[in-house]
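Listed below, chain by chain, are the residues.
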Amino acid sequence: MPHTDLLLQLPEVVAASDQLTREALLSVITGAQQRARNLEISPEDVPAEVRAGLETKLNLGLSGVLNATGVVVHTNLGRAPLSEAAVAAFARAAGYVDIEMDLDTGRRSSNRGKATLQALLAACPAAEEALVVNNAASALLLSTAALAGGQEVVISRGELIEIGAGFRLPELIESTGVRLHEVGATNRTHAADYERACERGQARAILKVHPSNYVVEGFTSAVGVAELARIAHARGQYLIADVGSGLLRPYGPLPKEPDVDSALRAGADVVLASGDKLLGGPQAGIVLGTAEVLGRMKRHPLYRALRVDKMRLAALEATVTHRSVPVREFIERDRGWLEENTARLAAETGGTVVRHCGRVGGGGAPGVELEGLAVSLPAGVGEELRRSQPPVIAQVHAQECLVDLRCIPSGEVEALFSAVRQAVQRFHAAHDHA
C-alpha cells in the first residue's frame, strides 16, 4: 500500500495543494487507500485513483458531461444548459454588486433584482408585476400560502401531480396549512365542479396545474384558464395558474405547450413557471401577475425564505434578454447538421445510423417527439463512454447504445467524436481479449 507521505508528493497532489486544503487532499488519499483495503482496486492503482479523486474534488464534485441522449432538458444532467451570456452574467454577479444599493444616493435600495424583473415584464406585457423565487415548487408554495393560508384552494383531481423524487403537489401545498378541495375525476372535470366548490364560501383560490410530465388521453375533459377566471372572479376569488415548463410566450415548435403571457391574458391573477426548463435559464421559480396579488406574496414571511440569490437573478436576466439559448437551439436543431455529423460519426466508429426521436424532457411537452438520428453501437460502449474524458452520456437499451448529437454544442463535436472513437476501441479490445 503506498504510504500517505509518498502520495502527498505526487506532482498532481503538490499542484492541487495550491487550491485545496490539506484536509481535502488527505480525504482523497485515504479514500483511495481504503478502496485498496476493501479489494475494490489493487494497491498499484492507488496513485491513479488519487489523481482521479483530485480532479473530482477540484471540480467541486461535479463533472462536465456531453449529453448524447437526445433529451434536451435532462433532469439527471442539470436540466437546462446555460447560454454564454448567462454564464458570463453569473460570473460577474459572483463578486460585489449593487443588488441592494442605490448608487446615486449611496443608500440601501429595496429594488432587489430590478433589472431581472423588468426583463420578465417586458417579455410578458400582460403582467403588472413579477418576482423570482428559488424554484417552481417554491412559487407554488408561496402563492397558495399567501392567497389562501388557512383556507381552501380548489383543484381538479386530474392535476394532483407527483413531481421528481416522490414529492407530490398536494402534500407540498398542504404543508402551509392550506386545505385542498378536490373536484372532478382523474380524467374529467367540468366547470360545474369548480362552481359548486367555490360556492361553499371556504375557498379563496382556484389552482390550475398543467400536467407537464404526463398526458391523459381518451375520454377526458378539462376547464380552461379563461373559464376558471370567470368562475373565480365572480366569487371574489383568485386564479393561480401553474404552466410548469417556463415558456413566457407562445413557442412555434411546441404549439400545445402553455405559456405565461397567454394565461395572464386569459384572466389568471398569478402565473407560475420554471426558469430552468423551456426558458433555458438557471433554476428559479418565475411568478408573474397582478400588482395586488404579487404584493401580497412579497409581504408574506415565506418570501424571505424562498427568494433567489444574486447570481441566478443575473443569469435569468441574461437568459430572458439574449437571443442565444441552448435549449431552443437544441430543440430546433438543423436536420442537415444532424444528418452530416451523425453520418460522419457512424463512419468513424463502425456504427449504424438509425432514426431516433429526441424529447424535450424535464416535464415539458410530454409525448412530443423531436425527429432526429443517432448512431447505433453495441450496448457495452455506453459504459466506456461514461468513463471517457469528458464523460459522454448516451441512450443505452438492451442491445444497443444510441449516440444522439442533438444536444452537443457545435464547439464540442470534435471532443465527442474523439471520446466515442476511443470508447469503441476500448470496448472492442476488451471484447476481443475476453
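Preceding this paragraph is the structure being described.
First, a word on what this report is: a plain description of the structure on this page. These numbers were taken from a predicted model, which means no experiment stands behind them. (Residues numbered from 1 in each chain as written. Predicted model: local features only at pLDDT ≥ 70, side-chain atom pairs only at ≥ 80, totals over all residues. Heavy atoms only, no water.)

## Topic: the overall build of the chain
Counting its secondary structure elements, the chain contains 18 helices and 16 strands. With the principal axes as the frame, the chain shows a C-alpha extent of 75 × 55 × 45 Å. Put simply, the chain has 434 residues, and 46% of those count as buried. Partitioning the intrachain contacts of the chain with sequence separation of at least 6 by distance along the chain shows that 74% fall at a separation of at least 24. On the chain, roughly 21,100 Å² of surface is accessible, and the fraction owed to carbon and sulfur atoms is 50%. (Helix = DSSP H or I, 4+ residues; strand = E, 2+ residues; numbered from the N terminus. Buried < 20%, exposed > 50% of the residue type's maximum accessible area, 1.4 Å probe, protein only. Contact = heavy atoms within 4.5 Å. Areas by Shrake-Rupley, 256 points an atom, 1.4 Å probe, with all protein chains shown as cover.)

## Examining the nonpolar core
Within the largest apolar cluster, 39 residues are counted, with the highest numbers of intra-cluster contacts made by Leu120, Ile206, Leu248, Val260 and Leu288. Within the second largest apolar cluster, 28 residues are counted, among which are Ile161, Ala205, Val293 and Met297. (Core = buried A, V, L, I, M, F, W, Y, C linked by side-chain atoms within 4.5 Å.)

## Some details on empty space enclosed by the protein
If a probe the size of a water molecule is rolled over the atoms, the empty space left behind becomes visible. Following the criterion strictly, the structure yields 1 cavity of 30 Å³ or more and no others. Roughly 70 Å³ of internal volume is contained in the largest cavity. Lining the largest cavity we find Arg112, Gly113, Leu117, Ala130, Leu131, Val132, Lys298, Tyr303, Arg307, Val308 and Leu313. Ranked by residue count, the leading element in the lining of the largest cavity is strand S4 (residues 129–133), at 3 residues. Its residues assigned to classes, the lining of the largest cavity comprises 7 nonpolar, 1 polar and 3 charged. (1 Å grid on protein atoms, 1.4 Å probe; cavity = no way out; pocket = protein on both sides within 12 Å on 5 of 7 lines; lining within 4 Å. Points joined across faces, edges and corners; volume = space filled by probe spheres on them. Nonpolar A, V, L, I, M, F, W, Y, C, P; charged D, E, K, R; others polar.)

## Focus on the layout of surface pockets
Approximately 730 Å³ is the volume attributed to the second largest pocket. Around the second largest pocket sit 34 residues that line it, and His210, Pro211, Tyr214, Val216 and Ala222 are the ones nearest its centre. Breaking the lining of the second largest pocket down by element, the ones donating at least two residues are strand S7 (203–209), strand S8 (238–244), helix H11 (260–265) and strand S13 (364–370). Here the residues of the lining of the second largest pocket sort into 18 nonpolar, 9 polar and 7 charged.

## A closer look at the pattern of salt bridges
For the structure on display, the rule yields 26 salt bridges. A salt bridge links Glu100 to Arg108, with the shortest nitrogen-to-oxygen separation between them at 3.0 Å. Here Glu182 ties to Arg157 by a salt bridge, and the two come within 3.6 Å at their closest N and O atoms. In this pair, Glu182 is assigned in strand S6 (residues 179–183) and Arg157 in the loop between strand S5 (152–156) and helix H8 (169–174), connecting sequence segments 25 residues apart. Salt bridges linked by common partners bring Glu100, Arg108, Arg112 and Arg307 together as one network. (Salt bridge = Lys/Arg side-chain N within 4 Å of Asp/Glu carboxyl O.)

## Re the sheet that holds strand S9 (residues 270–274)
Pairing is mixed in the open sheet, where 7 strands are placed in the order S4-S10-S9-S8-S7-S5-S6. Lying at the two open borders of the sheet, with one neighbouring strand each, are S4 and S6. The sheet shows a mean angle of 25 degrees between the axes of neighbouring strands, taken without regard to direction. As judged from the 5 bridges shared by S9 and strand S10 (residues 285–289), these two strands associate in the antiparallel manner. Bridge pairing in S10 links Ser274 to Gly285. Running at roughly 125 degrees to S4, helix H6 (residues 114–123) makes contact with S4 and S10 of the sheet. (Pairing = 2+ DSSP bridges. Axes fitted to C-alpha atoms, helices over the stretch in contact; angles between N-to-C directions.)

## Some words on the packing of aromatic side chains
For the coordinates displayed, the defined rule picks out 0 aromatic pairs. A cation sits over an aromatic face here: Arg188 above Phe219, 4.0 Å from the ring centre. (Phe/Tyr/Trp six-rings, centres within 6.5 Å; stacked < 30°, edge-to-face > 60°. Lys NZ or Arg CZ within 6 Å of the ring centre and 35° of its normal.)

## Concerning the packing of H6 against helix H14 (residues 310–321)
Two numbers describe how H6 lies on H14: the axes approach to 9 Å, and their chain directions differ by 30 degrees. Classified by the angle between their axes, H6 and H14 sit roughly parallel to one another. When the axes of H6 and H14 are compared, the crossing they make is left-handed. Mapping the contact onto sequence places Ala115, Thr116, Ala119, Leu120 and Ala123 in H6 and Leu313, Ala314, Leu316, Glu317, Val320 and Thr321 in H14. Here the contact of H6 with H14 is built from residues that sort into 8 nonpolar, 2 polar and 1 charged. (Parallel < 35°, antiparallel > 145°, perpendicular 65-115°, else oblique. Left-handed = near helix turned anticlockwise from the far one by under 90°.)

## Remarks on the sheet that holds strand S16 (residues 400–403)
A sheet is described by the order of its strands in space; here 5 strands give the open sequence S1-S15-S16-S14-S11, paired in mixed fashion. Of all the strands in the sheet, the pair left with one neighbour each is strand S1 (66–68) and strand S11 (352–355). Across this sheet, the average inter-strand angle for adjacent strands is 40 degrees, counted without regard to direction. Here helix H16 (residues 335–349) sits on the sheet in contact with S11, strand S14 (373–378) and S16, set at roughly 15 degrees to S14.

## Overview of the pairing of S9
Of all 5 residues making up S9, 5 are buried, and the element is well covered by its neighbours. A two-sided burial pattern is seen for S9, the buried positions comprising Val270, Leu272 and Ser274 on one face and Val271 and Ala273 on the other. With 4 bridges joining them, S8 and S9 adopt parallel strand pairing. Residue Ile240 lies in a different strand from S9, and its bridge partner there is Val270.

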